[in-house]
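# Results of the structural survey
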Amino acid sequence: MEESKSKSLNFLEEIVQADIAAGKYPQGIFTRFPPEPNGYLHIGHAKSICLNFGLAQKFGGKTNLRFDDTNPMTEETEYVDSIKSDVAWLGFEWANELYASNYFEQIYQFAVSLISKGLAYVDDSSAEEIAALKGTPTTPGTNSPFRNRSVEENLALFSAMRNGDFADGAKVLRAKIDMAHPNMHMRDPLMYRIRHVPHHRTGNQWCIYPMYDFAHGQSDSMEGITHSICTLEFDVHRPLYDWFINKLEIFPSHQYEFARLNLSHTVMSKRKLLQMVNEKVVSGWDDPRMPTISALRRRGYTAASIRNFCERIGVAKRDNLIDISLLEFCIREDLNKIADRVMAVMDPVKLIITNYPEGQTEDLLVENNPEDPETGKRVVPFSRELYIEREDFMVEPPKKFFRLGPGLQVRLKGAYIITCDHFELNTDGSVKEIHASYIPESKSGQDTSGIHVKGTIHWVSIPHAIQAEVRLFDRLLIVEDASELGDDFVKFINPESLNIIDNAFVEPSLAQATIGEAVQFIRKGYYCLDRDSKPDHLVFNRTVTLKDTWAKEQKK
RNA sequence: UGACCUAUGGUGUAAUGGUAACACACCAGUUUUUGGUUCUGGUUUUCUAGGUUCGAAUCCUGGUAGGUCAACCA
């Protein structure tokens, strides 16, 4: 009969589908991801990447990676490299690696062509004069005194600009459109400026550089981009985008705009991210608290979880503020399926199994992942002296506390049921050690004791445990929406966003952990080995906690 | 005192003139050798005023609210 109902399309997919149905692009559609190489990619870029590549994948097209490198003042090869590795890590393959700077000669010729048609002119006005004559959104602008230069003079001047005859700022090339246009971008926009600055790819070959508006659409057109997708703030540029393409009579790429991603409890603007790096509020662009792709990767986020997140947030044209809990959900969902379970104690307190023989060690077999029995089991050593989590013992446990306390029973995960017999305190009143007895017939997997306990806690064997550093990360900001915050947003950084624990103990199997590989510390969260780790000093990053309904219960 | 964009539960996104749905979050229960997971159920929605229509979240008009635009940035 009918094929199963497909998921509804977002507005961009609908546009593409309609274009294809209309037979507009028999060669297939083409999209592009066009970052300026002046910073690191963040989760907002991931949305754009997933969109551009996803659209092409879905409709049998291709996607270019194009660096929008028209401003040599801010761009560096370092950023080019990080951007390429981030896009590749996210799992996308670009059809071509391209640079707007590849097209400088062609774009120059486009400019010459517009001058020849009387549609562009060289203006000697200063930046201030141009701004003053531009008017405001509510008052029309005024024509520049240089607006009516002859084609010949403009051609000669523009050529001289290219030759380096003029100083920076002495002249610009402008499109001749309409200084009274209600859209500010149509009031004789700048096409070229003089910049005696070496470019990271073209070196000193050029001293004039095209502006965004005279490079982006032209690059799209030259590449045969059918759907040029950008964020909402470029909406007002679209008439200009179309005007240039139309006057140049080149391939008609079309621009479409979507609302960029805003995430709660973090900042996304390049300026603010850079500020945090410069002020050393964070350790760098890949500090695991940052929303950059490289930071998320280091923190333990998987590419699949980020792709899934981008899929779930949807695409539309209204401003949004996505709750970061959705991102957290996506990484938990993924890691729950693939992360092996291991045991680690963050805040150790000693537990002595008084009826377990001194010096005896037992190799227990514990499942790696109950979600995936295929992952098998591993050996976990058990002995008389263990560490358990300090918070898993209470001298005076309240009702519904399914853990350890005087006289209470719990199961040690993968081992035995124990009964707490007594405990000793330090002089400061804190618990020094806990004494318990184990029930030999209750061994995990072959339990004949008939005892049923409500709680299971994790543990590590003291003689076998490895001491480790654990970095607990939490949300960057204590406020949901950072959009209203100014430069003082650093005052709202969550003091708990980084909490370093240097006295954690992990089970010995973790000696084999590899950097970035995800594990679940049972009952605690998902973690991965940080690149700062050394064989004699393991460092783990907390990617995300497990959901903790007990913590919620306690807050009541 | 301009042009343009947008308006659906707490947060996002669907519904393409015909029963307002899905996910996250939240709440309750289920399952569980992780207070994790699973499964089930629940709370909460069309900015406003008119109009067109048998019928409007959807189309039209006005209003209101939010956003974008006045870099030799992208």
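Nothing here was measured: the structure is a model prediction, and the numbers come from that model. Sequence order sets the numbering: in each chain, residues are counted from 1 along the sequence as written. Following the order in which they are written, the chains are lettered starting with A and the ligands numbered starting with 1. Given that the model is predicted, a residue must reach a pLDDT of at least 70 before its local features are reported, and side-chain atom pairs must reach 80 or more before they are shown or counted; all residues, however, enter totals for whole chains, interfaces and linings. The side-chain numbers reported here are obtained from all heavy atoms of the structure, hydrogens and water having been left aside.

### Observations regarding empty space enclosed by the protein
Where we set the bar: Both cavities and pockets are sets of points on a 1 Å grid over the protein atoms alone; in a cavity a 1.4 Å probe fits but cannot get out, in a pocket the set is open with protein on both sides within 12 Å along at least five of seven lines, and lining residues sit with an atom within 4 Å of a point. Grid points are joined across faces, edges and corners, and a volume is the space filled by probe spheres set on the points. Secondary structure elements are taken from DSSP: a helix is a run of H or I of four residues or more, a strand is a run of E of two residues or more, and numbering for both begins at the N terminus. Each residue gets one label: Ala, Val, Leu, Ile, Met, Phe, Trp, Tyr, Cys and Pro are nonpolar, Asp, Glu, Lys and Arg are charged, and the others, such as Gly, are polar.
For the coordinates displayed, the defined rule picks out two cavities of 30 Å³ or more. Secondary-structure elements contributing two or more residues to the lining of the largest cavity are α10 (293-299) and α12 (324-338). The residue inventory of the lining of the largest cavity, partitioned by class, reads nine nonpolar, two polar and five charged. By volume, the second largest cavity amounts to about 40 Å³. A breakdown of the residues in the lining of the second largest cavity according to their chemical character gives two nonpolar, four polar and one charged.

### A look at the packing of aromatic side chains
Worth spelling out the cut-off: Aromatic pairing here means that ring centres of Phe, Tyr or Trp (its six-membered ring) are within 6.5 Å. Orientation follows from the plane angle: under 30 degrees is stacked, over 60 is edge-to-face, and everything else is tilted. Any residue under 20% of the maximum accessible area for its type is buried, any over 50% is exposed, and the rest in between are partly exposed; the area is computed with a 1.4 Å probe on protein chains only. Cation placement over rings: the criterion is NZ of Lys or CZ of Arg within 6 Å of the ring centroid and within 35° of the ring normal.
All chains considered together, the criterion is met by 23 aromatic pairs. Aromatic side chains phenylalanine 104 and tyrosine 209 sit 5.7 Å apart centroid to centroid with 75 degrees between the ring planes, which places their arrangement in the edge-to-face category. Taken together, the residues phenylalanine 104 in helix α4 (residues 104-116) and tyrosine 209 in strand β7 (residues 208-210) connect sequence positions 105 residues apart. For the pair phenylalanine 104 and tyrosine 209, a shared accessibility class is recorded, and that class is buried. Three or more aromatic residues joined by ring pairs make a cluster, and in this case those are Phe104, Tyr108, Phe158, Tyr192, Trp206, Tyr209, Phe214, Trp243 and Phe244. Note that arginine 201 overlies the ring of tyrosine 99, its terminal NZ or CZ placed 3.4 Å from the centroid. Sitting above the plane of the tryptophan 89 ring, arginine 297 keeps its charged end 5.2 Å from the centroid.

### Things to note about the packing of helix α7 (residues 216-223) against helix α8 (residues 238-248)
We count it as follows: A fitted line through C-alpha atoms serves as each axis, taken over the contacting stretch for helices, and the angle formed by two N-to-C directions is quoted from 0 to 180°. An angle below 35 degrees is treated as roughly parallel, one above 145 as roughly antiparallel, one from 65 to 115 as roughly perpendicular, and anything else as oblique. With the far helix as reference, a near helix turned anticlockwise by less than a right angle produces a left-handed crossing, and one turned clockwise produces a right-handed crossing. Note on definitions: a residue-residue contact is assigned when non-hydrogen atoms from the two residues lie within 4.5 Å.
Their axes nearest at 9 Å, the elements α7 and α8 cross at an angle of 55 degrees. The angle between α7 and α8 places the two elements in the oblique class. Every pair of crossing elements has a handedness; the one defined by α7 and α8 is right-handed. Along its contact with α7, which presents Gly217, Gln218 and Asp220, the element α8 presents Tyr241, Phe244, Ile245 and Leu248. Taken together, the residues of the contact of α7 with α8 sort by class into four nonpolar, two polar and one charged.

### Observations regarding the sheet that holds strand β1 (residues 30-33)
Sheet strands line up and pair through hydrogen bonds in the backbone, either parallel or antiparallel. Stated precisely, the cut-off is as follows: By definition, two strands form a pair when at least two bridges between them are found by DSSP.
On the basis of which strands lie adjacent, the open sheet formed by three strands has the order β1-β2-β3 and parallel pairing. A strand with exactly one partner marks an edge of an open sheet, and here the two such strands are β1 and β3 (97-99). Pairs of neighbouring strands in the sheet enclose a mean axial angle of 35 degrees, with direction left out of account. Two strands pair when backbone bridges link them, and strand β2 (residues 62-67) and β3 are joined in this way by three bridges, in the parallel orientation. Each residue of the ladder has a partner; that of phenylalanine 67, found in β3, is tyrosine 99. Each of β1 and β2 is contacted by helix α2 (residues 43-58), which is oriented at about 160 degrees to β1, the strand it contacts most. Contacts from α7 reach β1, β2 and β3, with the element oriented near 140 degrees to β2.

### What to know about a negative patch on the surface
Just so we agree on the cut-off: Patches in this entry comprise residues that are over 30% relatively accessible and not in a salt bridge; like charges within 9 Å are linked, as are nonpolar side chains (Val, Leu, Ile, Met, Phe, Trp, Tyr) within 5 Å. Per-residue accessibility takes into account occlusion by the displayed protein chains alone, with areas from the Shrake-Rupley method and a 1.4 Å probe. For this document, the term salt bridge refers to a Lys or Arg side-chain nitrogen within 4 Å of an Asp or Glu carboxyl oxygen. Positive charges come from Lys and Arg, negative ones from Asp and Glu, while His and the chain ends are left out of the count. To locate a charge, take NZ of a lysine, CZ of an arginine, CG of an aspartate or CD of a glutamate.
Where like charges cluster on the molecular surface, the negative patch consists of Asp323, Glu480, Asp481 and Glu484. With respect to the helices, strands and loops of the structure, aspartate 323 is situated in the loop between α11 (303-313) and α12.

### A short note on the protein's contact with RNA strand B
Operational definition: Nearness is defined per residue: one heavy atom within 4 Å of the molecule or strand is enough. In protein, a polar contact means a hydrogen-donor-capable atom and an acceptor-capable atom, both N or O and within 3.5 Å, with residues adjacent in sequence counting only if both atoms are side-chain atoms; elsewhere, any N or O pair within 3.5 Å suffices.
Glu14, Arg195, Arg318, Arg341 and Ser444 are the nearest of the 70 residues found near RNA strand B. Near the protein, meaning within 4 Å, the atoms of RNA strand B are sugar or phosphate in a fraction of 65%, with bases accounting for the rest. At 3.0 Å, a side-chain N or O of asparagine 71 approaches a sugar or linking oxygen of RNA strand B. A distance of 3.1 Å is found between a base nitrogen of RNA strand B and a backbone nitrogen or oxygen belonging to serine 125.

### Things to note about the UniProt feature "short sequence motif: 'HIGH' region" (unreviewed entry) in chain A
Quick reminder of the rule: UniProt positions are given in the numbering used here, feature names are shortened, and annotations may be inferred rather than shown by experiment.
The positions that UniProt labels "short sequence motif: 'HIGH' region" (unreviewed entry) are, in the present scheme, residues 35-45. Annotated as 27% helix and 0% strand, the span residues 35-45 places its first and last C-alpha atoms 8 Å apart.

### Observations concerning the pattern of salt bridges
A full pass over the atoms with the stated rule returns 39 salt bridges. Between arginine 238 and glutamate 257 there is a salt bridge, with its nearest N and O atoms 2.6 Å apart. Taken together, the residues arginine 238 in helix α8 and glutamate 257 in strand β9 (residues 254-258) connect sequence positions 19 residues apart. The buried category is assigned to glutamate 257, whose relative accessible area is 3%.

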